[in-house]
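# Coordinate inspection notes
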Amino acid sequence: MLNASSTANTKVKFAILGVATSPKQVGVAKELDPDWIDVQLLIDWKSKCHDSHKDDCHASRVSSAQSEVRPRLLIDTVQRCLVRSFPGVSYVALSYVWGQASTLKTVKANVDTFMEENALSRDEYLSQIPKTIQDAMNVVGLLQERYLWVDALCIVQDADWESLQLQLNDMALVYANASLTIVAADGIDSNHGLRGLRGLSTQPRNVSQTLYPLSEDLKVLMKANRHIRQSIWYSRGWTFQEGLFARKRLVFFEGMVQWQCPSITWREDFDSTGNINSDLDSTQNRQSQQNLLSRKLPDLRGYQSLVGFYNLKDLTFKSDIIRAFDGLTGALSRTYEGGFLWGLPEMFFDVALLWKIYTVKTGKLKDAKGPVRRVCEDFEKGKTGPPSWSWMGWYGVLASQSWDAGMRHQIADKLDYSALPTYSNEEHIKPTVQWRSVEYPGADSRPINSSWLRYEHGIDDEDYARLGYVKHKHFKKDEEGRYYFWRDSKSKDTIRHDYPFYFTHSSDPRREFRYPLPIPDPQSAPIIPIQHKFLACRTLRTFLFSTDKILRDTPHDTSYAFALLRNSSDTWIGSLFLSVEEIDKQEDTSKRREKIELIKVSEGSENNYEARKNSNTWMPESALGDLVRVEFVNVLWIEWADGIAYRKGVGKVLKAMWEQLSLEEVDVILG
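Residues numbered from 1 in each chain as written. Predicted model: local features only at pLDDT ≥ 70, side-chain atom pairs only at ≥ 80, totals over all residues. Heavy atoms only, no water.

### Focus on the state of the cysteines
Definition in use: Only a pair of cysteine sulfur atoms within 2.5 Å counts as a disulfide in this structure description. Each residue is placed in one exposure class: buried if its accessible area under a 1.4 Å probe, protein chains only, is under 20% of its type's maximum, exposed if it is over 50%, and partly exposed if it falls in between.
Scanning all chains against the criterion turns up zero disulfides. Of all cysteine sulfurs, the one in cysteine 57 lies closest to cysteine 49, which takes part in no disulfide; the gap is 3.9 Å. With no disulfide of its own, cysteine 261 has cysteine 57 as its nearest cysteine by sulfur position, at a separation of 3.6 Å. Accessibility expressed as a relative area gives 0% for cysteine 261, which makes it buried.

What follows is the structure, given as structure tokens:
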């Protein structure tokens, strides 16, 4: 495919080479110096973005209060030392991979020394600063900036826990508020450097291009098959929030450099008159994820998407699974009442507990990644890992409809119907358990306020106006006389509503709601709950038999494991979603009958049509009958160890059958 234009988002496999001596020739590709980058390009890109791009590039994607957050320390690249930050300071941030390279770190014992002028130029310290950080310091000066933020040097690594936690919670905002983020996506560690910047880098790059001559003056460039997803940088857990929050990125990958901002992508091997789809990263997907950060309302579907991406990332220390995500949940806590507990939004807690994780296949099934327990030998105080009740305790991808019931309040998104749950399902969850967060068994506990249904059955006019909602009367009715908001012209699938009114929010009028969600006061500091690893509750339990364990593929290169639930009469009354480790790949376990303990966590209902459609993983059609709605009980499969219960799976049992079982109340500590 030849492409001689540079229209927006053009995917280029082969491109005509521009020739300066032939002004009539239209070409977008450029032949590069294999050793050195044209540093003037970097200066021009920054200047063009600053002068030509509007609010998309310059407006903050976080709240006004969060946009004022600045790091505590910065590197002064002129005086070559650490300095204390100050309000409104402009700075550049560095996103890179530490790897196994030895890295100079700021600690209590040396922080005062590092704040002395030229301290970081002294041989004893300069020799310990990795090449990537040294090169980034030089790039900052080239771009006519002065201050650089690098985690290893700008966070006191042995600070007290409270101080360190506050800085980790703000780390996402450090990248969100940076004027530019340098992304060092090359190499396996921080000693690779930003190669190819003459006079600035510690060494040249090594770039080769494939050129095909078509005539004396005409050449065609074959675009290299570069995917940043293949880089170590992209695979790391810590860099996930760094890349996500950065508004503008100067990306070094495979020896080349490119500029990414909300308005455009420029690459050094293409003419910068247009926007070339980079293939380095899905810019559109990144911008969609970034839009979540600026919303003033909770978006559970969007958050679920972020969790899905993050939970496949790698961490040198598995115990960092929560630390590397703290910045994201800290930023989102301004719109999620109650904040997050081990990655679960407290305001949606009854729904969030029902997460399911798919296995991502990396080839043969035996190489599948998740869902298996994330055991952390390095966890603090000898603890074994994140809690079993959180998705953080398991590897894998969050199943796409895990939390759809929590989106029931939203009835329309005029620009993005993919953001809505499956409305033929209309799953509804009824909380039945009061969960409490507890530091350890026997300690004082804190009630978790699952508040998403607070206004489902009504809200005072003063309250919805105070929250920024607007109430609208609705007039559309279907053939049955029921109100509806949207109908597919072909299938006639309809989004119905039982009330003659709906709500919109002043921050996003295109989204329509059945009822408002609680929203924290934007002037208040977000709530960051203490991350206790135990949950306590009093609920009902029973024992059933798990049979017919099956591992099944999906169309999206993932797999899921499930089992059928039978009572003592061998009647099929429900199903369980399992972890892959429950499926023995070496022998046939499909008919093994295992007695298991289940606890009730909530009740729910869904349309019979959807239950039938998913009968292979939920219920047999013979059990569903002619009901319009299917009522069920959400259950967790648990096993006990030393008085602590641990989640093994999640499932559903027909409510009518559940009520016929032998049930007993039990106090549960879930770890």
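### As for the packing of aromatic side chains
Note the following rule: The aromatic pairing rule takes the rings of Phe, Tyr and Trp, using the six-membered ring of Trp, and pairs them if the centres are within 6.5 Å, calling planes under 30 degrees apart stacked, those over 60 edge-to-face and the rest tilted. Numbering of helices and strands runs from the N terminus, with a helix taken as a DSSP run of H or I at least four residues long and a strand as a DSSP run of E at least two residues long. The rule is short: NZ of Lys or CZ of Arg within 6 Å of the ring centre and within 35 degrees of the ring normal puts a charge over the ring.
Tallied over the full model, the rule gives 21 aromatic pairs. Residues tyrosine 469 and phenylalanine 513 carry aromatic rings whose centres are separated by 6.2 Å and whose planes lie at 90° to one another, so their mutual orientation is edge-to-face. One end of the pair, tyrosine 469, is in strand S21 (residues 469-473); the other, phenylalanine 513, is in strand S25 (residues 508-513), with 44 residues separating them in the sequence. Per residue, the accessibility class of tyrosine 469 equals that of phenylalanine 513, and both read buried. Here the aromatic residues Phe240, Tyr303, Tyr310, Phe325, Tyr336, Phe340, Phe348, Trp391, Trp403 and Trp452 are joined through ring pairs into a cluster of three or more. One cation-aromatic arrangement involves lysine 471 over phenylalanine 501; the distance from NZ or CZ to the ring centre is 4.2 Å. When the ring centre of phenylalanine 632 is taken as reference, the NZ or CZ atom of lysine 652 above it lies at 4.5 Å.

### Side note on the nonpolar core
Spelled out, the test is: Each nonpolar core is a collection of buried residues, namely Ala, Val, Leu, Ile, Met, Phe, Trp, Tyr and Cys, held together in the definition by side-chain atoms within 4.5 Å. Contact criterion: two residues are considered in contact whenever any of their non-hydrogen atoms come within 4.5 Å of each other.
Leu42, Leu250, Trp391, Trp403 and Trp435 are the most contacted members of the largest nonpolar core, which totals 136 residues. What leucine 250 contacts, discounting residues up to four positions off in sequence, is Leu42, Trp45, Val139, Leu143, Leu180, Thr181, Ile182, Val183, Val257, Gln258 and Trp259.

### Remarks on the environment of serine 121
Within the secondary structure, serine 121 is located in the loop between helix H3 (111-114) and helix H4 (123-126). Sequence spacing of serine 121 and arginine 80 is 41 residues, and the spatial spacing of their C-alpha atoms is 6.3 Å. Sequence-distant contacts of serine 121, defined by excluding residues within four places in its chain, comprise Arg80 and Leu126.

### Some words on the pairing of strand S9 (residues 219-222)
Which entries qualify depends on this criterion: Strands pair, by our definition, only if DSSP identifies at least two bridges between them.
Judged from the four bridges that link them, strand S8 (residues 210-213) and S9 form a sheet pairing that is antiparallel. Paired with threonine 210 across the bridge in S9 is methionine 222.

### A few points about the packing of helix H12 (residues 300-310) against helix H13 (residues 323-332)
Going by this rule: For helices, the fitted axis covers only the stretch in contact; all axes are lines through C-alpha atoms, and the angles between them, taken along N-to-C directions, range from 0 to 180 degrees. Any angle from 65 to 115 degrees is called roughly perpendicular, while one under 35 is roughly parallel, one over 145 is roughly antiparallel, and all others are oblique. Each residue gets one label: Ala, Val, Leu, Ile, Met, Phe, Trp, Tyr, Cys and Pro are nonpolar, Asp, Glu, Lys and Arg are charged, and the others, such as Gly, are polar.
It is at 12 Å that the axes of H12 and H13 come closest, and there the two elements cross at 175°. In this view, H12 runs roughly antiparallel relative to H13, as classed from their interaxial angle. Residues Tyr303, Leu306, Val307 and Tyr310 of H12 form the contact with H13, whose own contacting residues are Ala324, Phe325, Leu328, Thr329 and Leu332. Here the contact of H12 with H13 is built from residues that sort into eight nonpolar, one polar and no charged.

### Re the sheet that holds strand S7 (residues 180-184)
Spatially, the eight strands line up as an open sheet ordered S4-S3-S6-S5-S7-S10-S11-S12, and their pairing is mixed. Single-partner strands in this sheet number two, and they are strand S4 (81-84) and strand S12 (265-267). In this sheet, adjacent strand axes meet at a mean angle of 30° when their direction is disregarded. Inspection of the sheet shows S7 paired to strand S10 (residues 249-253) by four bridges, in the parallel sense.

### Considering helix H7 (residues 161-169)
All buried positions along H7 are accounted for by Ser163, Gln165, Gln167, Leu168 and Asn169. At its buried positions, H7 is contacted by helix H6 (151-154), helix H8 (171-176), helix H10 (237-245) and H13.

### What to know about H12
As a reminder of what qualifies: Nitrogen and oxygen atoms within 3.5 Å of one another constitute a polar contact, given that in protein one can donate a hydrogen and the other can accept it, and given that sequence-neighbouring residues count only through two side-chain atoms.
For H12, the buried fraction is high: nine of the 11 residues fall into the buried class. Among all positions of H12, only Leu300, Arg301, Gly302, Tyr303, Gln304, Leu306, Val307, Gly308 and Tyr310 are buried. Capping of H12 at its N-terminal end is provided by aspartate 299; its side-chain oxygen lies 3.4 Å from the backbone amide nitrogen of arginine 301.

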